[in-house]
Amino acid sequence: MTDIHDTPDTPEADGRLSHRAIRSFVLRQGRMSDAQTRFLAAKMPEVGIAYRNARIDLAEVFGRTAPKVVEIGFGMGDATAKIAQALPDTDFVGIEVHGPGVGNLCKLIDTDAIPNLRIIQHDAVEVLQAMIAPDSLDGVHVFFPDPWPKKRHHKRRLIQPGFVALLASRLKPGGYSHCATDWEEYAIQMLEVLSAEPTLANTAPDYAPRPDYRPLTKFEQRGLRLGHGVWDLVFRRR
């Protein structure tokens, strides 16, 4: 679950956001199950990447040269694990702050033996700014961020101009940004913000068909049965 506290300012030349008050999440920790706690303790030393204020070499982390995709706010990690399994020739880094979700993804990585997936348990804004080099990612996923439906809370939404500029700066030329939401008004805002970023180009006239690699969640399947919409937006770095 991702959102943002303060409206981002214009990024500086190196892709950093000028106000450190910005955070990519609101902490709603929730209760961790015994299994989540156990797998978090046992597996994170193996699959976790510790936050540090320095660039990381993802090829070195994974021990190979392969496309690299970051997912921001993976929730409980079920879709993240399925995507990594479906695309074994791509390496994935999931960023999430909430312990239950991190613990659950650790469990999935262990039980399903997923070698091409790593986790960073930290604020995504700080990770992108400090750890991810410009022009280094093949893709970024932001699936179902918190829509903050009340108008007075819209400034907390993740998809804002400054954050999108930061995301775009971390993509390679030709790299893609894939956002998805089931909240129509947020989808409209996402389309406006992404379309206004000069370094990104839409791959569709407006909203894109759901790419095959993004699995339908149980919540999404139920919503579609009830006639609720889901909107995917896929943009590429110019």
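By convention here, each chain's residues receive numbers from 1 onward along its written sequence. Totals for whole chains, interfaces and linings use every residue, but because this is a predicted model, local features are given only for residues with pLDDT of at least 70 and side-chain atom pairs only at 80 or more, for both listing and counting. Water and hydrogen atoms were dropped before computing side-chain values, which therefore reflect all heavy atoms in the structure.

A.B. asks: Tell me about helix α7 (residues 184-196), residues and numbers included.
C.D. replies: Since there are 3.6 residues in each turn of an α-helix, residues three or four apart along the chain are aligned in direction. Only DSSP runs of H or I with at least four residues qualify as helices, and only runs of E with at least two residues qualify as strands; both kinds are numbered from the N terminus onward. Given a helix with a known number of residues, its expected span is that number minus one, times 1.5 Å. Taking 1.5 Å as the rise per residue, α7 with 13 residues should run 18 Å; its terminal C-alpha atoms sit 18 Å apart, in good agreement. Think of it in three bands: with a 1.4 Å probe and only protein chains considered, a residue is buried below 20% of the maximum accessible area for its type, exposed above 50%, and partly exposed in between. Along α7, the residues that are buried comprise Tyr186, Ala187, Gln189, Met190, Leu191, Val193 and Leu194. What makes two residues a contact is simply this: any of their non-hydrogen atoms within 4.5 Å. Where α7 is buried, its residues meet α6 (161-170), β5 (171-181), β6 (200-202) and β7 (231-237).

A.B. asks: Give a detailed account of the layout of surface pockets, specifying residues and quantitative values.
C.D. replies: As defined here, a cavity is a set of points on a 1 Å grid over the protein atoms alone where a 1.4 Å probe fits but cannot get out. A pocket is an open set with protein on both sides within 12 Å along at least five of seven lines, and residues line them when an atom is within 4 Å of a point. Grid points are joined across faces, edges and corners, and a volume is the space filled by probe spheres set on the points. By volume, the second largest pocket amounts to about 180 Å³. Forming the walls of the second largest pocket are 15 residues, and the residues nearest its centre are Asp57, Leu58, Ala59, Lys68 and Ser136. Broken down by secondary-structure element, the contributors of at least two residues to the lining of the second largest pocket are α2 (58-62) and β4 (137-143). Classes in brief: Ala, Val, Leu, Ile, Met, Phe, Trp, Tyr, Cys and Pro nonpolar; Asp, Glu, Lys and Arg charged; the others, Gly included, polar. Looking at side-chain class alone, the lining of the second largest pocket contains 8 nonpolar, 2 polar and 5 charged residues.

A.B. asks: So what about the confidence of the model for the protein? Which residues, and what values?
C.D. replies: Predictor confidence is given residue by residue as pLDDT, running from a minimum of 0 to a maximum of 100. With 87% of its residues at a pLDDT of 70 or more, the protein has an overall mean of 89. Predicted confidence is poor over residues 4-16, with pLDDT under 50, and the contacts of this stretch with residues over four places away or in other chains come to 44 contacts. Note that residues 18-22 has pLDDT below 50 and, in this model, 18 contacts with residues that lie over four places away or in other chains.

A.B. asks: Run through the pattern of salt bridges, naming residues and quoting values.
C.D. replies: The term salt bridge refers to a side-chain nitrogen of Lys or Arg lying within 4 Å of a carboxyl oxygen of Asp or Glu. Under the counting rule described, the total for this entry stands at 9 salt bridges. Ionic pairing is found between lysine 68 and aspartate 91, a salt bridge with its closest N-O pair at 3.0 Å. With lysine 68 in strand β1 (residues 68-72) and aspartate 91 in strand β2 (residues 91-95), this residue pair connects regions lying 23 residues apart in the sequence. The pair formed by lysine 68 and aspartate 91 is uniform in burial state, with each residue classed as buried.

A.B. asks: I'd like to hear about the pairing of β7, residue by residue, with values.
C.D. replies: Across the 7 residues of β7, 6 count as buried, placing the element largely inside the fold. Note that β5 and β7 share 6 bridges and pair antiparallel. Residue cysteine 179 lies in a different strand from β7, and its bridge partner there is leucine 233. Pairing between two strands requires that DSSP report at least two bridges joining them. Pairing of β6 with β7, which is carried by 3 bridges, proceeds in the antiparallel orientation. Note on β7: the bridge partner recorded for asparagine 202 is phenylalanine 235.

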